[in-house]
Amino acid sequence: MSHPLLKVSGLRKSYGAIKAVNGVSFEVMPGEIFGVIGPNGSGKTTMFNSVLGQIRPDEGRIELKGESIAGLSPLALNRRGVGRTFQTLQVFGKMTVRDNLLVAAQEHRGSLWSRMFVPGDSGLGDKADELIDLFRIRHVADKPAGSLSYGQQKLVDIAMAFMSDPDLVLLDEPCAGVNPSLVGGISTLLKKLNQSRKGSFVVIEHNMDFVMDLCHRIMVMVEGEVMAVGTPAEIRANKQVLDAYLGS
Ligand SMILES: Nc1ncnc2c1ncn2[C@@H]1O[C@H](COP(=O)(O)OP(=O)(O)OP(=O)(O)O)[C@@H](O)[C@H]1O
Ligand SMILES: [Mg+2]
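Keep in mind that what you see is a predicted model, and the values were worked out from it rather than measured. (Residues numbered from 1 in each chain as written. Chains lettered and ligands numbered in written order. Predicted model: local features only at pLDDT ≥ 70, side-chain atom pairs only at ≥ 80, totals over all residues. Heavy atoms only, no water.)

This part covers the state of the cysteines. Enumeration over the complete set of coordinates arrives at zero disulfides. Looking at C175, it has no disulfide partner, and the nearest cysteine sulfur is the one in C215, 10.0 Å off. Judged by its relative accessible area of 6%, C175 is buried. The class of C215 is buried, set by a relative accessible area of 6%. (Disulfide = S-S within 2.5 Å. Buried < 20%, exposed > 50% of the residue type's maximum accessible area, 1.4 Å probe, protein only.)

This is how it looks when you write it as structure tokens:
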């Protein structure tokens, strides 16, 4: 029996009277793709930001490979193998796609000095090329990221999270605003990255087909609480979830 890669227990975060995250516990196993679904405002992003050191939760334990990571900065977490993508695009529009990837890795290495330069090489070029091919963005690699379609920028954004060879990546709505024709491509990519790198993902998404197809297990959040955790088939058949969320 393997140990959880990520273990969250009793997580709470309030904003005044709003209990954004109200006692959330879950575990993500090595190699697992773990989905998080729930209505708008159910606390998904707040949960992510708490796990990722972006905000300080009021309560709760957060463990990575059995060690507490509570209170660590996003950079410190990145160095421990945790990557993320944000609900909104984080690419630098004026920089080329390739330089965006290189800078994402520099961020990981973390030296302020090194970030003053976009490196010609340092082993990172090969990694960037590998991801550029995997994400099929070779034809735009030397273009300013801002000149790409929204969907393609989203691909760059996702690729950036993988430059640091993370064990765990948290993706906040990777399909949001993306043309439906690209959604299947993102799913295929994530499956490939999951298999080739044995990485674990936690994926927040509103696109139900995407979540059901991609994830091994899914957690349903409603009003800051966990309503259910299970396989896609179990979640689809869960009456409480159907009534509260999947509806109709
Ligand atoms: N910085 C903040 N200050 C005050 N309230 C906040 C803040 N961040 C989140 N909230 C509130 O906490 C609740 C949970 O928000 P959160 O963004 O975590 O939801 P979500 O599940 O990610 O929603 P969505 O699917 O729309 O992205 C909401 O009621 C939101 O208004
Ligand atoms: Mg959100």
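On to the side chain of T85, then. Locating T85 in the fold gives a position in strand β6 (residues 82-85). If we skip the residues at most four places from it in the chain, T85 touches D157, I158, A161, L170, L171 and D172. (Helix = DSSP H or I, 4+ residues; strand = E, 2+ residues; numbered from the N terminus. Contact = heavy atoms within 4.5 Å.)

Per the domain assignment, the segments of the chain are domain 1 (1-81 + 166-248) and domain 2 (90-165). For domain 1 and domain 2, the distance between their C-alpha centroids amounts to 25 Å. With 21 residues of domain 1 in contact, the opposing surface of domain 2 contributes 18 residues. For the pair domain 1 and domain 2, the summed buried area comes to about 1,600 Å², and 65% of that belongs to carbon and sulfur atoms. The tally of links from domain 1 across to domain 2 stands at two salt bridges. Across the contact surface, domain 1 and domain 2 share four residue pairs in polar contact (both at pLDDT 80 or more). Those elements that place two or more of their residues in the side of domain 1 that touches domain 2 are α2 (74-79), β7 (168-172) and α7 (180-197). Considering each element in turn, the side of domain 1 that touches domain 2 owes the most residues, seven residues, to α7. Classifying every residue of the side of domain 1 that touches domain 2 gives 14 nonpolar, two polar and five charged. (Domains from an automatic or database assignment. Buried area = accessible area lost by both parts, 1.4 Å probe. Salt bridge = Lys/Arg side-chain N within 4 Å of Asp/Glu carboxyl O. Polar contact = N/O pair within 3.5 Å; in protein donor to acceptor, adjacent residues only side chain to side chain. Nonpolar A, V, L, I, M, F, W, Y, C, P; charged D, E, K, R; others polar.)

Residues in contact with ligand 1 amount to 14 residues; listed here are only the nearest, N40, G41, K44, T46 and H206. S42 is positioned such that a nitrogen or oxygen atom in its backbone is 3.2 Å from an oxygen atom of ligand 1. Look at ligand 1: alone it shows 640 Å² of surface, and the protein chains cover 63% of it. Taken together, the elements giving at least two residues each to the shell around ligand 1 come down to β2 (18-28) and α1 (44-51). Ranked by residue count, the leading element in the shell around ligand 1 is α1, at three residues. (Near = heavy atom within 4 Å. Areas by Shrake-Rupley, 256 points an atom, 1.4 Å probe, with all protein chains shown as cover.)

To continue, consider the packing of aromatic side chains. Inspection of every chain in the model, using the stated rule, returns two aromatic pairs. The interplanar angle of 85° and the centroid separation of 5.6 Å between the aromatic rings of F162 and F201 together place this pair among those described as edge-to-face. Highlighted residues: F162 in the loop between α6 (150-161) and β7 and F201 in strand β8 (residues 200-204), separated in sequence by 39 residues. Here F162 falls in the buried class, since its relative accessible area comes to 2%. On the accessibility criterion, F201 (1% relative accessible area) is buried. (Phe/Tyr/Trp six-rings, centres within 6.5 Å; stacked < 30°, edge-to-face > 60°.)

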